[in-house]
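# Observations on the model geometry
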Amino acid sequence: MSTKLQSVEANLGKSQIPEFKVGDHVSVGVLIREPAPKGAKNKEDRERIQNFIGDVIAMGGTNLGRSFTVRRVVQGEGVERVFPLHSPLVTEVKVIRHGKVRRAKLYDLRDKSGKAARIKERTVRKSDKTSKPSKDTKAE
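In this report, we go over the structure that sits alongside the text.

Let us now look at the pairing of strand β4 (residues 77-84). Note: strand β3 (residues 67-74) against β4, eight bridges, orientation antiparallel. By the bridge assignment, Thr 69 is partnered in β4 with Val 82. What sits between the antiparallel neighbours β3 and β4 is a turn of two residues, in which Gln 75 has the positive phi angle 50°.

Applying the stated rule across the entire model yields six salt bridges. Across the pair Glu 34 and Arg 48 runs a salt bridge whose closest N-O atoms are separated by 2.8 Å. Linking Glu 34 in strand β1 (residues 25-34) with Arg 48 in strand β2 (residues 46-60), this pair joins segments that are 14 residues apart in sequence. Taking the relative accessible area as the measure of exposure, Arg 48 reaches 37% and is therefore partly exposed. Within the structure, one salt-bridge network assembled from shared partners comprises Arg 71, Glu 80 and Arg 110.

Turning next to unusual backbone geometry. With a phi close to 50°, Asn 63 is a non-glycine residue in the positive phi region. With respect to the helices, strands and loops of the structure, Asn 63 is situated in the loop between β2 and β3. Backbone geometry places Gln 75, a non-glycine residue, at a positive phi of 50°. When you line up the elements, Gln 75 lands in the loop between β3 and β4. The exposed category is assigned to Gln 75, whose relative accessible area is 83%.

Criteria and cut-off values
Residues numbered from 1 in each chain as written. Predicted model: local features only at pLDDT ≥ 70, side-chain atom pairs only at ≥ 80, totals over all residues. Heavy atoms only, no water. Pairing = 2+ DSSP bridges. Helix = DSSP H or I, 4+ residues; strand = E, 2+ residues; numbered from the N terminus. Salt bridge = Lys/Arg side-chain N within 4 Å of Asp/Glu carboxyl O. Buried < 20%, exposed > 50% of the residue type's maximum accessible area, 1.4 Å probe, protein only.

Next comes the structure, spelled out in structure tokens:
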């Protein structure tokens, strides 16, 4: 990749991106713009943030073109939505639970329902800063 392209992409992308992988249960904050109702005094569009909560079943793309697919089940019907990671409409991505999976794409969840569609939880260790000091570093 050329250095000019890299410098442009560095300025356009988001700086704070949370670490999440396929299988994680996430909450994606999406900016929704609603037109003003007819007859309203204020003619400006309303903006609100709506959370889409579900499991990440796929990730793709690189750099600014990176996107991820989130799946959830609403009233027995599966709903999938693809989010561009660097889109200004995606305000935040919060990881609710980390999943333990052995695949890069979880498209087989589309055919499963109930307990078969569950993803096991992966335990994540805290950083080394919060760990106990070793025997060598104790004050003598």
